[in-house]
Amino acid sequence: MKKLLPLIVFALVLGSCHKDDEDTPEDPVAERTVLVYIAGENNLCSFSKSDLKEMKIGSKSLSNRQKLIAYVDQADTIPPFFARIKDGQFVDSVSVEESIPADPAILEKAVRYMRTNYPAKSYGLVLWGHASGWLIHKDSIQYAASRAYGGDTGDNSPYTSSAGKYWMNIPSMAHAIAKGMSGTPLTFIFGDCCSFGCVEIAYELRQVADYVIGSPAEIPDEGAPYDLIVPDLFNSSAEFYKAIIDDYYNYYLEIFKSQDHKYYNRHYGDLVGYSVPLMVVKSSEIGTLATETAGLLEKIGEKLVPEGDFDLTDKVCYAQYGNYFYSYDMYHILKGNTPAADFNDWTTAFWKAVPYHRNSQHWFTGYNKSGELATFMDTFDGQEADCGVLSIFVPNNVYKNTNPYWNTTIQQFQWNNIIRWQQYGW
C-alpha cells in the first residue's frame, strides 16, 4: 500500500507555497487548529464537495489564530491533498500520494501533519465519512467486512454507489491518534458520521480527546452544516460543545420541515418536528460512569446471562446492521431493567459523563423504504426524559448468528475491562 509522502517533504512544500493574505505574519502557534479528516472515496463523494464549500464559507469568520485544516480523499480526486481553509479558499494545498484513509497509519500521519505544521494551544479532529459504531472485525483494512469508520472503495471511481470495503476499527483509531499527537490529547473529536455516539467508542477514545461529540443514530448524507458550525469548532468556552450540537440539531429541525419531500422515512412530512439526536461525552468522567455501570449491572446479573430476561422490548435503538438492532439508548434500557433507587443513583455519574445532549425520537434513516424495519426505527415510545442519547451494546442471544460474533467481539473494547460481559456467560 502506498503511504503519504514523508512529513519533511510536506514541510518543504509548505515553505515554498505559503502565502499570507495579510502584511503581518501570523503567530506560529494558533489558539486552536482543527483537522477535518474526509474519507470521501465512496458514495459520499458529492457530499464532501458541498461540505468543503460550506467550510470555505464558515472559514471567513475565523481569525488568523484559528486554523482549519482538511485532509481530503475523494472518489474523483487524485491524488488526495491537505489544505488550510482560510478566508473562503484553500491555501497551502499539498498533494500527497494515493492512500486509503481507512488505514490507521494514514490517520496517524494526518494528525501528525496537523500538529507539526499548524501547532496550536489546542486541537480538534472532525471525522467525516461512513461509520457503524463500535462494530469490529479483524484488525486490518484488508478485510471487506471490517467495520467502524472510513468506508473507502480503494478504486477512485467517480460514480461509485458503494459505501466502501475498507474500514478502520476504533481501537486502531485511538492508537493512531495517540501516536500522531505524541500523547497530547485533542480538545475534542467530532464524529460527523453515523453511530459515533456510543459508550464503547467514547471510552476507547477517552485518553486521546477531552470530549467526544456525535450521534448514536444515522445522520443524513449531507452531514453537518459546516457554514454554521465551523466557528463553533473554535469556540473557546468551557461548554463549546453546546454550540456545535445546537447548530447541527436546529439546522435539521428546520430542514426536515422545509424539505419534507426529501427528508422522510415512510411518508412525506413524518420527520417534521424531529432532527438528529446528538450528545457529548466528557472523558474525565467516563471512567466513573464505567465503574458505576458495572456495579449497576452486577445487581441484575441474572438478567444478563444468555438465558436471562434483560428486556429490550420497545426500547430506543439508534442503529441496525442488516436485520440486527445493536445500538440501544443506554439510559433507556437501564431505566427499564434496574431497580429505581439503584438507577437513580447511577444517573449522577451518567449526566456528569454526558453533560449535554439533544434528543430526537425519530431521525432520517437509510432503512426508510424497507417496510417493517423502517416501522421499527420510527415508532419508539421513549420520550425526552427516558433517553440519554448515548448508546450501548448488551450481548443477547438474538446476535447468535452474527459474524464475527458480536457477543464476544465487544470484549475487544477497553469498556469491557470494566463491564466484563464474560462474567455473565458471554
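About the criteria used
Residues numbered from 1 in each chain as written. Predicted model: local features only at pLDDT ≥ 70, side-chain atom pairs only at ≥ 80, totals over all residues. Heavy atoms only, no water. Helix = DSSP H or I, 4+ residues; strand = E, 2+ residues; numbered from the N terminus. Buried < 20%, exposed > 50% of the residue type's maximum accessible area, 1.4 Å probe, protein only. Contact = heavy atoms within 4.5 Å. Areas by Shrake-Rupley, 256 points an atom, 1.4 Å probe, with all protein chains shown as cover. Pairing = 2+ DSSP bridges. Axes fitted to C-alpha atoms, helices over the stretch in contact; angles between N-to-C directions. Polar contact = N/O pair within 3.5 Å; in protein donor to acceptor, adjacent residues only side chain to side chain. Phe/Tyr/Trp six-rings, centres within 6.5 Å; stacked < 30°, edge-to-face > 60°. Expected span 1.5 Å × (residues − 1). Parallel < 35°, antiparallel > 145°, perpendicular 65-115°, else oblique. Left-handed = near helix turned anticlockwise from the far one by under 90°. Nonpolar A, V, L, I, M, F, W, Y, C, P; charged D, E, K, R; others polar. Salt bridge = Lys/Arg side-chain N within 4 Å of Asp/Glu carboxyl O.

Colleague: What should I look at first to understand the overall build of the protein chain in this one?
Modeller: Along the protein chain, the regular secondary structure elements total 14 helices and 16 strands. For the protein chain, buried positions account for 57% of its 426 residues. Nonlocal contacts in the protein chain, meaning residues at least 24 apart in sequence, comprise 73% of its contacts between residues at least 6 apart. By element, 49% of the accessible surface of the protein chain is carried by carbon and sulfur atoms, the whole surface being about 16,300 Å².

Colleague: How should I be thinking about the sheet that holds strand E1 (residues 30–40) in this particular structure?
Modeller: Strand-to-strand pairing in sheets goes through backbone hydrogen bonds, with the strands running parallel or antiparallel. The sheet built from 9 strands is open, its strands ordered E4-E3-E2-E1-E5-E9-E10-E11-E15 with mixed pairing. Edge positions in the open sheet fall to strand E4 (89–95) and strand E15 (356–358), since each of these has one partner strand only. Between one strand axis and the next, the sheet turns through 20° on average, direction left out of account. For strand E9 (residues 186–192) and strand E10 (residues 209–214), the ladder comprises 4 bridges, and the chain directions are parallel. Note that in E10 the partner of isoleucine 189 across the bridge is valine 212. Helix H3 (residues 104–117) rests against E1, strand E2 (66–74), strand E3 (81–86), E4, strand E5 (120–128) and E9 of the sheet, and its axis sits at about 155° to E1.

Colleague: Help me understand the side chain of serine 122 in this model?
Modeller: Considering the arrangement of structural elements, one finds serine 122 in strand E5. A polar contact of 3.0 Å, which involves the side chain of serine 122, links it to the side chain of arginine 32. Non-local contacts of serine 122, meaning those with residues more than four positions away in its chain, are made with Glu31, Arg32, Thr33 and Thr187.

Colleague: So what exactly am I meant to see when it comes to the environment of alanine 349 here?
Modeller: Position of alanine 349 among the secondary structure elements: in helix H11 (residues 340–353). Residue class for alanine 349 comes out buried when judged on its relative accessible area of 8%. Each C-alpha atom of the pair alanine 349 and threonine 291 lies 9.3 Å from the other, and the pair is 58 residues apart in sequence. Look past the residues within four positions of alanine 349 in its chain and what remains in contact with it is Thr288, Leu289 and Glu292.

Colleague: For this particular structure, what's the right way to read the pairing of strand E7 (residues 149–152)?
Modeller: Each regular strand shows side chains that alternate between the opposite faces of the sheet. In terms of strand pairing, strand E6 (residues 130–131) meets E7 through 2 bridges, oriented antiparallel. Considered in E7, the bridge of alanine 131 is made with tyrosine 149. Inspection of the sheet shows E7 paired to strand E8 (residues 166–168) by 3 bridges, in the antiparallel sense. By the bridge assignment for E8, aspartate 152 is matched with tyrosine 166.

Colleague: I keep staring at the packing of aromatic side chains and nothing clicks. Help me out?
Modeller: To describe a pair of aromatic rings, you give the distance between the ring centres and the angle between the ring planes. Going through the model one piece at a time under the given rule, you end up with 38 aromatic pairs. On the numbers, 5.7 Å between centres and 50° between planes, the contact of tyrosine 252 with phenylalanine 256 is tilted. Pair noted here: tyrosine 252 and phenylalanine 256 are both in helix H7 (residues 241–258), with a separation of 4 residues, about one helical turn. Both residues of the pair, tyrosine 252 and phenylalanine 256, belong to the buried class.

Colleague: Sorry, what's going on with H3 here?
Modeller: Each turn of an α-helix holds 3.6 residues, which means side chains three or four residues apart point in the same direction. An ideal rise of 1.5 Å per residue puts 20 Å on 14 residues; H3 measures up with 20 Å between its terminal C-alpha atoms. Regarding H3, its N-cap is aspartate 103, as a side-chain oxygen of that residue lies 3.0 Å from the backbone nitrogen of alanine 105 further along.

Colleague: Is there a simple way to explain the pairing of strand E11 (residues 278–282) in this structure?
Modeller: Burial analysis of E11 places 4 of its 5 residues in the buried class, the great majority of the element. Where E10 meets E11, 4 bridges bridge the pair, whose relative direction is antiparallel. Note on E11: the bridge partner recorded for tyrosine 211 is lysine 282. Two elements, E11 and E15, share 3 bridges in a ladder whose sense is antiparallel. Looking at E15, one finds that leucine 278 is bridged to arginine 358.

Colleague: What exactly am I supposed to notice about the packing of H3 against helix H4 (residues 170–180) here?
Modeller: Helix packing geometry: the angle between the two helix axes and the distance between the axes. Two elements in contact, H3 and H4, have axes whose closest approach is 8 Å; the angle formed by their N-to-C orientations is 30°. By the angle between their directions, the pair H3 and H4 is classed as roughly parallel. You can see that H3 and H4 cross each other, and the crossing is right-handed. Contacts between H3 and H4 involve Pro104, Leu107, Glu108, Val111, Arg112 and Arg115 from the first element and Ser172, Met173, Ala176, Ile177, Lys179 and Gly180 from the second. Per-class residue counts for the contact of H3 with H4 are 6 nonpolar, 2 polar and 4 charged.

Colleague: Hey, could you run me through the environment of arginine 65 in this one?
Modeller: Positionally, arginine 65 belongs in the loop between helix H2 (45–59) and E2. By relative accessible area, arginine 65 is classed as partly exposed at 27%. With 34 residues separating them in the primary sequence, arginine 65 and glutamate 31 have C-alpha atoms 5.3 Å apart. Ignoring anything within four residues of it in the chain, the contact list for arginine 65 reads Asp27, Val29, Ala30, Glu31, Arg32 and Lys121. Among the polar contacts made by the side chain of arginine 65, one reaches the main-chain carbonyl oxygen of valine 29 at a distance of 3.1 Å.

Colleague: Help me understand the pattern of salt bridges in this model?
Modeller: Side chains that carry opposite charge are capable of pairing whenever their charged atoms lie near each other. Applying the stated criterion across every chain yields a total of 11 salt bridges. Between glutamate 108 and lysine 179 there is a salt bridge; the shortest N-O distance is 3.7 Å. Note that glutamate 108 is positioned in helix H3 and lysine 179 in helix H4, a separation of 71 residues in sequence. Since its relative accessible area comes to 14%, glutamate 108 is described here as buried. Taking relative accessible area as the criterion, lysine 179 reaches 40% and is therefore assigned partly exposed. Glutamate 239 is the partner of lysine 242 in a salt bridge, and the nearest nitrogen-oxygen pair spans 3.1 Å. Judged by its relative accessible area of 41%, glutamate 239 falls in the partly exposed class. Counted as one network, the salt bridges with shared partners bring together Glu31, Arg65 and Lys121.

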